[in-house]
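A closer look at the structure
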Amino acid sequence: MASSATTAAPARPQRRASFVQRFFSGDSLSYALTFLAAAVLIAITALLVYELWSRSALSREKFGFHFLVTSTWNPVTENFGALPFIFGTVVTSALALLIAVPFGVGAAIFLAELAPPKLSDGMTFLIELLAAVPSVIFGLIGIFVLVPALLVVVPPIKDALGDHAPFFFSGPFYGVSILAAGVVLSIMIAPFIISVSREVLLAVPKDLREAALALGATRWETTWQVVVPHARRGIMGSIFLALARSLGETMAVTMVVGNNPHIVTSLLASGYSIAAVIANEFAEASGMQSSALIELGLVLFVLTIALNGAARLLILATGAKGASR
Amino acid sequence: MLCLTGVCTVVAVGLLFFILGYLLVQGGASLSWNFFTKLPTPVGEMGGGMANALVGSAKVLMIATCLGVPIGFLAGVYLAEYAGGAFASMIRFVTDLLNGVPSIVIGIFAYTMIVATTKHYSTYAGGCALGVMMIPIALRTTEEFLRAVPGSLREGAMALGATKSRTIATVIVPAAIRGLVSGMMLNLARVAGETAPLLFTALDNRFWSPGLNQPTATLPVDIYNYATSPYPELHQLAWAAGFVLLTMVLLVNITARSIIASGFSNKTR
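Given the structure is predicted, the values throughout are model-derived calculations rather than measurements.

1. Overview of the overall build of chain B
- Looking only at helices and strands, one finds eleven helices and zero strands in chain B.
- Listed by position from the N terminus, the elements making up chain B come as α-α-α-α-α-α-α-α-α-α-α.
- Seen through its principal axes, chain B has C-alpha atoms that stretch 70 × 55 × 35 Å.
- Buried positions account for 52% of the 269 residues belonging to chain B.
- When contacts within chain B are restricted to residue pairs at least 6 apart in sequence, those whose partners lie at least 24 apart make up 75%.
- Surface summary for chain B: the accessible area is close to 11,000 Å², and the carbon and sulfur share equals 71%.
- Taking the 15 positively charged and 10 negatively charged side chains of chain B as two groups, their mean positions are separated by 9 Å.

Have a look at this one:
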């Protein structure tokens, strides 16, 4: 005890080097430099929020909350409402989740629970490569492969349904549609769901699996009734992350959604999304239209930030590694 | 059910090979020497290339790297070596926030900051947009790899009398350098395919763009413009450009990821 007390008190230097000396010896300099970089990062982000807010003032003041709930988009009369775009964004993303979640979680279960580690690592590597494919390439594939393929597949299904076609599967079909956008988005977000869910599943303690197996549960019962419920918050987190990404996705959606600024009830009709309308109109916009587009950007920003935050909390709650990405 | 999960995985992996294969067939067929050396020709004339887009992309990415990597790296060093407490959590929060911003919104930001101020589209506006996108990932990469350096190295250097800055510069960063370089390569590959932030910052250009002050063609934006145009010969160029872009992005990814994987199996695991 006594010895630890004496070693804990460091020998103080006789005279501290002057600030100038310390500064040029590099320590304070490197501290200042790295601190400055961190401050720049915060400044840039603050500036981003400020710019979005102040540059959309024109539109915010004129339309107020009506901006979010009206569906005219008329650059000639300078009347702008965001509803068709918000609707399109939400519907395409929801459709993408509907396809990608069962698919992605299924693949994650296979990679985490069933595949031998070597195979699992190899496949995960390939799936992460799929996540690295630029979105404009997905758009390219979407326009020239997916849309023609849908034009072959969908009409027979529609004919078979005949008059019994539900409202979301009716009307004329020209290929570019909310359906096409949803399918492309689902392919783009599935890798995220797979790789994050896999890590969350791998983080589930081994004891739980062994206990369930020891109680006589089959492999599938163990996975589905023990492991997946234990990891459910992390999996939810991965889904939120994927949703945030699909909401902000621009190029692939712009290329296949059809760019039609109206609210449509059928998945076969063409629609629009927030990111797509910004991509299409921003370069030529000015004045009120520009301001309205920036306000759309602000809406998108708030949506994705909220979702990202929720996702991070959920993934942290399951205590999985890899949540920081 | 178990088989079904396997099918999901195989389909996901199959999609990657399908995309690769399709681009190889479509793009490889229309890839020629002209593609790398010639300017685009007027619609209807054969034999055009995308040399200006290749150079434009390289310039934009260089500016992005010069902006994003130093800021992200230094801030990452700060976070890993100096920061603590509330300010550190604030930096992490802001990094996550910036990382989650959709790329099109970054484009708006670069537009209002640079294009609206200078009153013209330019290469450096595009570069800055991508640079801002690189900062959060550069920061996270740096922090992660610096933290992975064993504490004993840090203490050893300190014990030999090195100052903190000297420890960082001569011991910690060199120990993590493989991870850092590969992380930055991955970061670059990620923004190399970004199209949305360039649409109204770097815009597009049918000709060479001298210097940094004029609009420039870039590979991703040209893919978008050509693919959405009604001309089959432009579609062929889009396929070729898509093939080149995807090949570069995937090669960088594979290289960087294998460097990271091998580095870790030797040392820390």
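2. Thoughts on the overall build of chain A
- When helices and strands are tallied, chain A shows 15 helices and two strands.
- Residues counted as buried form 50% of the 325 residues belonging to chain A.
- Excluding contacts between residues fewer than 6 apart, the proportion of contacts in chain A whose partners are at least 24 apart in sequence is 73%.
- Accessible area for chain A stands at about 15,200 Å²; split by element, carbon and sulfur atoms hold 67% of it.

3. Notes on the interface of chain B and chain A
- Counting from both sides, the interface comprises 73 residues of chain B and, opposite them, 71 residues of chain A.
- Of the roughly 6,600 Å² buried where chain B meets chain A, counting both sides, 82% is carbon and sulfur surface.
- Per-residue buried area on chain B facing chain A is highest for B:Leu2, B:Ile108 and B:Tyr224; these three make up 8% of the total on that side.
- Applying the counting criterion to the chain B and chain A interface returns two salt bridges.

4. Structural notes on a nonpolar patch on the surface
All names here are of chain A.
- On the surface, a nonpolar cluster with roughly 320 Å² of combined accessible area is contributed by Val152, Val153, Ile157 and Leu161.
- By the element assignment, valine 152 lies in helix α8 (residues 135-161).
- For valine 152, a relative accessible area of 60% puts it in the exposed group.

5. Observations concerning the pattern of salt bridges
Residue and element names in this part refer to chain A.
- Within the structure shown, the criterion is met by ten salt bridges over all chains.
- Put simply, glutamate 51 and arginine 55 hold a salt bridge, and the shortest N to O gap is 3.1 Å. You can see glutamate 51 and its partner arginine 55 sitting in helix α3 (residues 27-55), four residues apart, about one turn around the helix.
- Of the charged contacts, one joins glutamate 113 and arginine 209 as a salt bridge, the two residues approaching to 2.9 Å between their closest N and O atoms. Placement of the pair is glutamate 113 in helix α6 (residues 83-114) and arginine 209 in helix α10 (residues 206-214), with a sequence separation of 96 residues.

6. Here we look at the environment of B:Arg92
- Its location among the elements puts B:Arg92 in helix α4 (residues 85-100).
- Spatially, the C-alpha atom of B:Arg92 lies 9.8 Å from that of B:Gly76, the residues being 16 residues apart in sequence.

7. Regarding the packing of aromatic side chains
- Scanning the model with the defined rule gives 22 aromatic pairs over all chains in all.
- Plain terms: the ring middles of B:Phe18 and B:Tyr22 are 5.5 Å apart, the flat faces sit at 40° to each other, and that makes the pair tilted. With B:Phe18 and B:Tyr22 both in helix α1 (residues 2-29) and four residues apart, the pair spans about one turn of that helix.
- Since its relative accessible area comes to 26%, B:Tyr22 is described here as partly exposed.
- Plain terms: the ring middles of B:Tyr111 and B:Tyr121 are 6.4 Å apart, the flat faces sit at 45° to each other, and that makes the pair tilted. One end of the pair, B:Tyr111, is in helix α5 (residues 103-118); the other, B:Tyr121, is in the loop between α5 and α6 (123-147), with ten residues separating them in the sequence.
- Overall, B:Tyr121 belongs to the buried group, its relative accessible area being 18%.
- Grouping aromatic residues by their ring pairs yields a cluster made of A:Phe63, A:Phe67, A:Trp73, A:Phe80, A:Phe85 and A:Tyr272.
- Cation over ring: A:Arg60 sits above A:Trp53, and NZ or CZ is 3.5 Å from the ring centre.

8. As for the side chain of A:Ser273
- You can see A:Ser273 is positioned in the loop between α13 (251-256) and α14 (274-281).
- Among all residues touching A:Ser273, those that are not within four sequence positions of it are A:Phe85, A:Thr89 and A:Val253.

9. Looking at the nonpolar core
- A:Trp73, A:Leu201, A:Ile278, A:Leu296, B:Ile104 and B:Phe200 are the most contacted members of the largest nonpolar core, which totals 185 residues.
- No other element matches the 15 residues that helix α9 (residues 178-202) of chain A contributes to this core.
- Those residues in contact with B:Ile104, other than ones at most four positions away along the chain, are A:Thr250, A:Ala275, A:Ile278, A:Ala279, A:Leu300, B:Ala196 and B:Phe200.

10. Here's the deal with unusual backbone geometry
- The phi angle at A:Glu78 is positive, at roughly 55°, despite the residue not being glycine.
- Structurally, the position occupied by A:Glu78 is in the loop between β1 (73-74) and β2 (79-80).
- Judged by relative accessible area, which is 35%, A:Glu78 ranks as partly exposed.
- Look at B:Leu203: it is not a glycine, yet its phi comes out positive at around 55°.
- With respect to the helices and strands, B:Leu203 occurs in the loop between α9 (177-192) and α10 (219-227).

Calculation criteria
Residues numbered from 1 in each chain as written. Chains lettered and ligands numbered in written order. Predicted model: local features only at pLDDT ≥ 70, side-chain atom pairs only at ≥ 80, totals over all residues. Heavy atoms only, no water. Helix = DSSP H or I, 4+ residues; strand = E, 2+ residues; numbered from the N terminus. Buried < 20%, exposed > 50% of the residue type's maximum accessible area, 1.4 Å probe, protein only. Contact = heavy atoms within 4.5 Å. Areas by Shrake-Rupley, 256 points an atom, 1.4 Å probe, with all protein chains shown as cover. Lys, Arg positive; Asp, Glu negative; His and termini not counted. Charge placed at Lys NZ, Arg CZ, Asp CG, Glu CD. Buried area = accessible area lost by both parts, 1.4 Å probe. Salt bridge = Lys/Arg side-chain N within 4 Å of Asp/Glu carboxyl O. Patch = residues over 30% accessible without salt bridge, like charges linked within 9 Å, V, L, I, M, F, W, Y side chains within 5 Å. Phe/Tyr/Trp six-rings, centres within 6.5 Å; stacked < 30°, edge-to-face > 60°. Lys NZ or Arg CZ within 6 Å of the ring centre and 35° of its normal. Core = buried A, V, L, I, M, F, W, Y, C linked by side-chain atoms within 4.5 Å.

None of the figures reported here should be taken as evidence of function without further support.
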